[in-house]
Amino acid sequence: MKLFEVDNDVRKRALQLFDRTEESFDDDVQAIKKWLHTQKHLPEIMEDAKIRNFLLLNKCSVENTKQKIDMYYTIRSLLPDWYEHCNPKLPFIKDYMNVSYTVVHPKLVEDMYRVTFVGVKKPHVTSPLTTALLFFNIYEMRLKEDCLIGDILVFDMNNAAMDDLLKFTPLHLKKTLTVYKNIFCLRAKRVLFLNSIRYLDNILAILKHLIKPKIFQRIEVHQDSEVLKEIFPPDQLPKDYGGNGPSLEELNDGLREKFDEYQNRFDQLDQLRVDESLRPEKLNNDEVLGFHGNFKKLNVD
């Protein structure tokens, strides 16, 4: 299957959202490419398709896009405990894909939004770190092929146990949200928790302190999965939820194939690092991470 289906009408509507024409949008892309050639600390000149998506993520603000592209490369050095062990070919990631789902639906919903499903096949196997790594690896491919206007995130609690939720500590949630916000702008249209279980309120209480109120208000908690029938037509709704669309297992298989297709890129990313000695202005770590020092030194009550 084609994992990221996008037609030309979607791309045209995306430009209209930000009052851009094809010509003015291309001008913005070329302006950023020209800027990239002056940033000797960055390890490569980004492809046009990725620049376009970064522009869309940043509502076509050229200056904000520059910051996010810089951080796309810089974060890999700031968080080595994540980015030195995130290649999808690694055995622990492949093993985790056998017991969990972090998958995207190939069809955009509500015209422009991509749905990501997150869940486990059985209790006691959840790994918040590996889930986050899979999410960011998926985004790497979406930067090249998708049209990044916004996301609908679906967290299915079915099969999850209490200890699965307890693994989502304040430290992990802070870390994940910081990367998501500083690179991908936290463009979440809706966040759905399905088949809710105990302790979810504790997770939501932590999130309330970590994200902006307007984003927190987009979180929905449901006791079942019926809300998905409002999002997907029957022919697209995954079989797992009573529809005729691709099952989560089929989407998982499609993701494995997509990772194989992009393996050279992931191997390249293992080597790509910024050269801080060539950075025009010294990086302020406090501004990047939101607090002094690094995540390993963060004390959380």
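Conventions we followed
- Residues numbered from 1 in each chain as written.
- Predicted model: local features only at pLDDT ≥ 70, side-chain atom pairs only at ≥ 80, totals over all residues.
- Heavy atoms only, no water.
- Pairing = 2+ DSSP bridges.
- Helix = DSSP H or I, 4+ residues; strand = E, 2+ residues; numbered from the N terminus.
- Axes fitted to C-alpha atoms, helices over the stretch in contact; angles between N-to-C directions.
- Buried < 20%, exposed > 50% of the residue type's maximum accessible area, 1.4 Å probe, protein only.
- Contact = heavy atoms within 4.5 Å.

Q: How would you sum up the sheet that holds strand E2 (residues 113-120)? Please name residues and give values.
A: Taken together, five strands build an open sheet; the order of strands is E1-E2-E3-E4-E5 and the sheet is mixed. Both outer strands of the open sheet, strand E1 (100-104) and strand E5 (219-221), are each paired with one neighbouring strand and no more. The average undirected angle you get between the axes of adjacent strands in this sheet is 15°. Across six bridges, E2 lies against strand E3 (residues 150-156) in parallel orientation.

Q: Account for the pairing of E1, naming residues and giving values.
A: E1 sits mainly inside the fold: five of its five residues count as buried. Relative to E2, E1 is paired through five bridges, and the arrangement is antiparallel. Across the sheet, valine 103 pairs through a bridge with phenylalanine 117, a residue of E2.

Q: Explain the pairing of strand E4 (residues 188-194) to me, using residue names and the numbers behind them.
A: Most of E4 is tucked away, with six of its seven residues classed as buried. With six bridges connecting them, E3 and E4 associate as parallel partners. Residue phenylalanine 155 lies in a different strand from E4, and its bridge partner there is phenylalanine 193.

Q: Explain the side chain of histidine 172 to me, using residue names and the numbers behind them.
A: Note on placement: histidine 172 falls in helix H9 (residues 170-184). The exposure class assigned to histidine 172 is buried, which follows from its relative accessible area of 12%. Excluding residues that lie within four positions of it along the chain, histidine 172 makes contacts with Trp82, Pro128, Leu129 and Ala132.

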